[in-house]
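In case you want the letters, here they are:
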Amino acid sequence: MFTKQTVRDIDLKGKRVLMRVDYNVPIEDGKVVSDFRIVESLPTIKYLIEQDCKIVLISHLGRPDGRPSAKYSLRPAAERLSEVLGREIAFVEDCVGASSTEAVSSLQNGQILMLENVRFHAEEEANDEVFAKKLAAHGDVFVQDAFGVVHHGAVSVSELPKYLPGVAGLLLEKEVDTITSVMEKPERPLMAIIGGSKIADKIKVLDRFIEMADFIAIGGAMANTFLLAMGIETGKSLAEPDDVPLAKEIMEKARAKAAKQQFVFYLPQDGVVATDMQNPSSTRIVEWDAHVIADIEAYPKQPNKEASQVAKNELILDIGPFSGSFISGGVQLAKTVVWNGTMGVTETDGKNNDPVGPFAHGTELVVEALMGHFGNKPFTVVGGGDTVSFVEERGLTKAFNHVSTGGGASLELMEGRKLPGVEALLDKEE
Ligand code: ADP
Ligand code: MG
C-alpha cells in the first residue's frame, strides 16, 4: 500500500503545480530516441490538465556537471512530450531566474511549461537551500513523478517538499505500489532473474531475494563472479574478484535455504564465449558444471571436458543455450517473476542484419519465456536501465505487467530501503 498522498488526494483545481518528471532519456542528433519515460508520465500530466492546473515541469538530463551544455538540453524532450500529448509545450532555457519566473507567471490554466535541465546548476545536487527556494517559487504544490531519481537526495527530490506541499504523481505511485507488493506478498512461486554487470549494485538485492524468492537465476556478468568463486576459469570475462567472498557467502545462504525448503539457486552451466566482444567472428559454447541446483538432480554432472574451459583470452558474453532453456523452464513454474539485468552483452550488433546480436540470444529466450511464448505467463516486473532499453528497442514494453522507469530506484525499493524522494512527501491521512 502506498502510504503517501498522491495528486488524487489533494485539491489541485486551478493550482500552479511544479512537477518533477524523469525525462533523462536518450537523445541523438537533437531527437529523443526512446520516449518510454515521457509516455509513462502522461497519466499524471493529463490528470493535472483535467484539474485545470498550470503545469511547470522540471527534470534533469545526463550529467552536465552543474553548467549549461547544449548536449544536455531538455528541449528535445519537451518537443517529444508535445508530440505524444498533442499540445503545445512552452520551454524556458533556465529553470531559475527572471526568464523562468516570467514564463511561469504568464501560464494559463491547462498550459504546460518545461524548464531547462535542473542539473545546469550545481546547486541541484548540493541540496542548496537558496536554489530550492527559487524553484519552489514556481509552484503552489509539488508533484514528484520521477521514480528514476527518488533514491538520491537532490533539491528536486528531497528538498522541494520542504517548501511546498509535496504529493506523488501517478507513475511514482504505480512504481512503488507494484514493486513493493511483489516483494512483500508475491503470488508464489516467485522467481528472480538477475543479470547485467553492476554486481556491486545488485548483491544486496540478491541477498533479499535469497530470503524472498523460490527460484533465483543468475546471468550476465553477475554470473562470472560466482563462477570465479567456484574456481572456474573465466578468462578475460568481466567479473569482480573482490566480490568473490560475497559471492561465496550468497551461495552458502542459498545452500542453507535449499536444505530447508524448496528453493533453487541457478548459475549458468554454459556460456557463449568469444575473444572479442565487438568482432564476434568465432563464438563458441562452453559448458561447465557450475550450477548449484538444490532440489533438482537430473542434470549432467560430467560435462564434456574438452569444451568445459574458457580460454585465457576469451570472454563469457552470454549465457549458453542450456542455461537459457533452464531459466525459461523455471519461468514455466513461476507465478511472479522479477527480472533485472540482461543475460549477456545485448548491445553488440548482429551480423548480416541479424536482428538478434551474437550475445543477445540468452536474453531473447528469457524475454520470450516471460511473454508466455512457451505456455505459462507469469506476472512480470522488469527493471534496470539497460534491461528496459533492450525491451524498449523491441517495442515490448507493453508485453510485461510492469516495466520500471527506474534502475537504481527499483533495486533500492526491492532491497526494502526507504527512498528519500518518497519519504519527503505528505503522508496519507487516515
Ligand atoms: P541494468 O542497467 O539493466 O540494471 P546493468 O547495468 O547491471 O543492467 O548491466 C547491463 C550491462 O551488462 C549491459 O551493458 C551488458 O552489455 C552487460 N553485460 C551483460 N552480460 C555481460 C557479460 N557476460 N560480460 C560483460 N558485460 C555483460
Ligand atoms: Mg545499467
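Relevant structure appears above.
Each pocket or cavity is described by its volume, and for the second largest pocket that value is around 400 Å³. At the level of secondary structure, the elements contributing two or more residues to the lining of the second largest pocket comprise α7 (170–184) and α15 (420–423). Counted by class, the lining of the second largest pocket contains seven nonpolar, three polar and seven charged residues.

With that out of the way, let us pick up the sheet that holds strand β14 (residues 315–319). Read from one edge of the open sheet, three strands run β13-β12-β14, paired in antiparallel fashion. Each of the sheet's edge strands pairs with one partner strand only, and the pair in question is β13 (284–287) and β14. Pairs of neighbouring strands in the sheet enclose a mean axial angle of 45°, with direction left out of account. Two strands pair when backbone bridges link them, and strand β12 (residues 270–274) and β14 are joined in this way by four bridges, in the antiparallel orientation. Of the residues in β14, the one forming a bridge with valine 273 is isoleucine 316.

A separate point is the site of ligand 1. Neighbouring ligand 1 are 20 residues; Ser197, Lys202, Glu347, Asp386 and Thr387 lie closest to it. For ligand 1, a nitrogen atom lies 3.0 Å from a polar atom in the backbone of isoleucine 316. Relative to its unbound accessible area of 580 Å², ligand 1 is 91% covered by the protein chains. The set of elements that each furnish at least two residues to the shell around ligand 1 consists of α9 (220–229), β14 and α13 (385–393). Partitioned by chemical class, the residues of the shell around ligand 1 number five nonpolar, eleven polar and four charged.

Glancing now at empty space enclosed by the protein. Evaluation of the coordinates by the stated rule reveals one cavity of 30 Å³ or more. There is about 40 Å³ of room inside the largest cavity. Around the largest cavity sit Val21, Asp22, Arg37, Ser41, Asp145, Leu171 and Thr405, which together line it. Of the residues in the lining of the largest cavity, the class split is two nonpolar, two polar and three charged.

Our next topic: the environment of phenylalanine 91. Here phenylalanine 91 shows up in strand β5 (residues 89–92). With residues near it in sequence (within four places) discarded, phenylalanine 91 still touches Ser73, Leu74, Arg75, Ala78, Leu113, Met114, Leu115 and Glu116.

Attention now moves to the sheet that holds strand β8 (residues 166–168). Sheet architecture is open: six strands sit in the order β5-β6-β4-β1-β7-β8, paired in parallel fashion. Of all the strands in the sheet, the pair left with one neighbour each is β5 and β8. Averaged over all neighbouring strand pairs, the angle between strand axes comes to 25°, with direction disregarded. The pairing of strand β7 (residues 141–144) with β8 spans three bridges and is parallel.

What counts, and at which threshold
Residues numbered from 1 in each chain as written. Chains lettered and ligands numbered in written order. Predicted model: local features only at pLDDT ≥ 70, side-chain atom pairs only at ≥ 80, totals over all residues. Heavy atoms only, no water. 1 Å grid on protein atoms, 1.4 Å probe; cavity = no way out; pocket = protein on both sides within 12 Å on 5 of 7 lines; lining within 4 Å. Points joined across faces, edges and corners; volume = space filled by probe spheres on them. Helix = DSSP H or I, 4+ residues; strand = E, 2+ residues; numbered from the N terminus. Nonpolar A, V, L, I, M, F, W, Y, C, P; charged D, E, K, R; others polar. Pairing = 2+ DSSP bridges. Axes fitted to C-alpha atoms, helices over the stretch in contact; angles between N-to-C directions. Near = heavy atom within 4 Å. Polar contact = N/O pair within 3.5 Å; in protein donor to acceptor, adjacent residues only side chain to side chain. Areas by Shrake-Rupley, 256 points an atom, 1.4 Å probe, with all protein chains shown as cover. Contact = heavy atoms within 4.5 Å.

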